[in-house]
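# Residue-level structural notes
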Amino acid sequence: MRDRRLILTRNIAVNEIPIAIDVSKEELGEDYLAEKDFLETINTPSAFCKVITYNRQFAGFAICQVFGPDKVDKMLHLPDSPGKDKLLSKEKIGLFDAVAVSKAFRRLGLGTELFAACNSEFSTREVDAVCAMAWKSVDGTISTEGILRRMDLTPQLEIPGYWNQMVDSPGGHDCPICGRPCKCSAVLYYKG
Ligand SMILES: CC(C)(COP(=O)(O)OP(=O)(O)OC[C@H]1O[C@@H](n2cnc3c(N)ncnc32)[C@H](O)[C@@H]1OP(=O)(O)O)[C@@H](O)C(=O)NCCC(=O)NCCS
């Protein structure tokens, strides 16, 4: 049983980046995030990274981006669609970019807490839409589906093979579930 008093969320510190990278490699794949992806979230209006600890142990992280409609293509690589049009009509968009909780700490509500902490940071930064590209595994599972639904984000469109275009690796993304190239999809979730 989890004890809520043991859960803490805060902005990442530079000395936590190596452990965050370890969690990322394990949960999102070896080639998905590098040190610079975390460094670029520190002290900037255009991004932030929240970490969550349980009983003082590092349990997971969430990288989020904040951007305007001019960056929708660069950030999201979406095909023309009503979902993309919704984003293009907004002034300031918050993106749940990369979220991972270490397997040892799963199903304790830490993922839910991380998303909630990021959502309140989005409110502080006055975004007028929130979105996520949710990982839909080859077996059809979207592990963030319940969290996103409870936060009133709704699915807009699904893009097969999406993660291969989000990494520089030759041969595509090295997925921790299905290998290289990744055969999983992404589903755009949106609230605005
Ligand atoms: C998604 C993730 C962050 C959830 O973390 P968590 O701490 O277990 O989350 P919670 O305890 O708050 O549980 C939230 C929900 O996730 C579900 N869940 C957690 N791990 C899961 C898994 N591996 N497969 C399916 N569902 C999972 C829980 O059952 C719960 O379901 P519900 O919302 O329908 O009640 C975590 O599973 C993870 O890091 N997954 C791998 C990376 C990933 O998918 N990142 C998101 C990319 S969009």
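In case you missed it, the structure is sitting above this.
Described in the following lines is the structure provided in the data block. (Residues numbered from 1 in each chain as written. Predicted model: local features only at pLDDT ≥ 70, side-chain atom pairs only at ≥ 80, totals over all residues. Heavy atoms only, no water.)

This paragraph deals with the overall build of the protein. Across its full length, the protein holds six helices and seven strands. Counting helices and strands in the order they occur from the N terminus, the protein gives β-α-α-β-β-α-α-β-α-β-α-β-β. Over its C-alpha atoms the protein spans a radius of gyration of 16 Å, differing by no more than 12% from the 16 Å that the globule rule assigns to 192 residues. The C-alpha extent of the protein, read off along each of the three principal axes, is 45 × 40 × 30 Å. Looking at the protein as a whole, 49% of its 192 residues are labelled buried. Pairs at least 24 residues apart make up 71% of the contacts formed inside the protein by residues separated by at least 6 positions. Counting 24 positive and 26 negative side-chain charges, the protein places the averaged centre of each group 5 Å from the other. (Helix = DSSP H or I, 4+ residues; strand = E, 2+ residues; numbered from the N terminus. Rg over C-alpha atoms; globule rule 2.2 N^0.38 Å. Buried < 20%, exposed > 50% of the residue type's maximum accessible area, 1.4 Å probe, protein only. Contact = heavy atoms within 4.5 Å. Lys, Arg positive; Asp, Glu negative; His and termini not counted. Charge placed at Lys NZ, Arg CZ, Asp CG, Glu CD.)

We now examine the packing of aromatic side chains. Enumeration over the complete set of coordinates arrives at seven aromatic pairs. Ring pairing ties together the aromatic residues Phe48, Phe96, Phe115 and Phe122, which thus form one cluster. (Phe/Tyr/Trp six-rings, centres within 6.5 Å; stacked < 30°, edge-to-face > 60°.)

Turning our eyes to something else, we now look at the side chain of Glu121. Residue position: Glu121 is located in helix 5 (residues 110–124). Separated by 2.9 Å, the side chains of Glu121 and Arg125 make a polar contact. The residues contacting Glu121, other than those within four sequence positions of it, are Phe48 and Lys50. (Polar contact = N/O pair within 3.5 Å; in protein donor to acceptor, adjacent residues only side chain to side chain.)

Attention now goes to the pairing of strand 5 (residues 129–136). Most of strand 5 sits inside the fold, with six of its eight residues counted as buried. With four bridges joining them, strand 4 (residues 93–101) and strand 5 adopt parallel strand pairing. Pairing of Gly94 across the sheet is with Val130, part of strand 5. Regarding topology, helix 5 serves as the crossover connection from strand 4 to the parallel strand 5, and that connection is right-handed. Bridge count between strand 5 and strand 7 (residues 185–191): seven bridges; the pairing is antiparallel. Across the sheet, the residue bridging to Trp135 is Ala186, located in strand 7. (Pairing = 2+ DSSP bridges. Right-handed = clockwise from strand over helix to strand, strands pointing away.)

This part covers the site of the ligand. Contacts to the ligand come from 20 residues, most closely from Val99, Arg107, Gly109, Thr112 and Arg150. Backbone polar atom of Arg107 to an oxygen atom of the ligand: 2.8 Å apart, as the coordinates give it. Interatomic distance of 2.7 Å between a backbone N/O atom of Gly109 and an oxygen atom of the ligand. Calculation on the ligand without its partners gives an accessible area of 880 Å², and the protein chains cover 77% of this total. (Near = heavy atom within 4 Å. Areas by Shrake-Rupley, 256 points an atom, 1.4 Å probe, with all protein chains shown as cover.)

The next subject is the sheet that holds strand 5. Read from one edge of the open sheet, seven strands run 1-2-3-4-5-7-6, paired in mixed fashion. Unpaired on one side and paired on the other, strand 1 (7–11) and strand 6 (154–160) mark the two borders of the sheet. Pairs of neighbouring strands in the sheet enclose a mean axial angle of 25°, with direction left out of account. Across five bridges, strand 1 lies against strand 2 (residues 47–54) in antiparallel orientation. Bridge pairing in strand 2 links Asn11 to Lys50. (Axes fitted to C-alpha atoms, helices over the stretch in contact; angles between N-to-C directions.)

Turning to the pattern of salt bridges, a few remarks are in order. In this structure the tally under the stated criterion is 13 salt bridges. Across the pair Lys84 and Asp73 runs a salt bridge, and its minimum N-O distance is 2.8 Å. Placement of the pair is Lys84 in helix 4 (residues 82–88) and Asp73 in helix 3 (residues 72–76), with a sequence separation of eleven residues. Judged by its relative accessible area of 44%, Asp73 falls in the partly exposed class. Across the pair Arg180 and Asp174 runs a salt bridge whose closest N-O atoms are separated by 3.8 Å. Using a relative accessible area of 43% as the deciding quantity, one classes Arg180 as partly exposed. Through salt bridges with shared partners, a single ionic network connects Glu27, Lys103 and Arg106. (Salt bridge = Lys/Arg side-chain N within 4 Å of Asp/Glu carboxyl O.)

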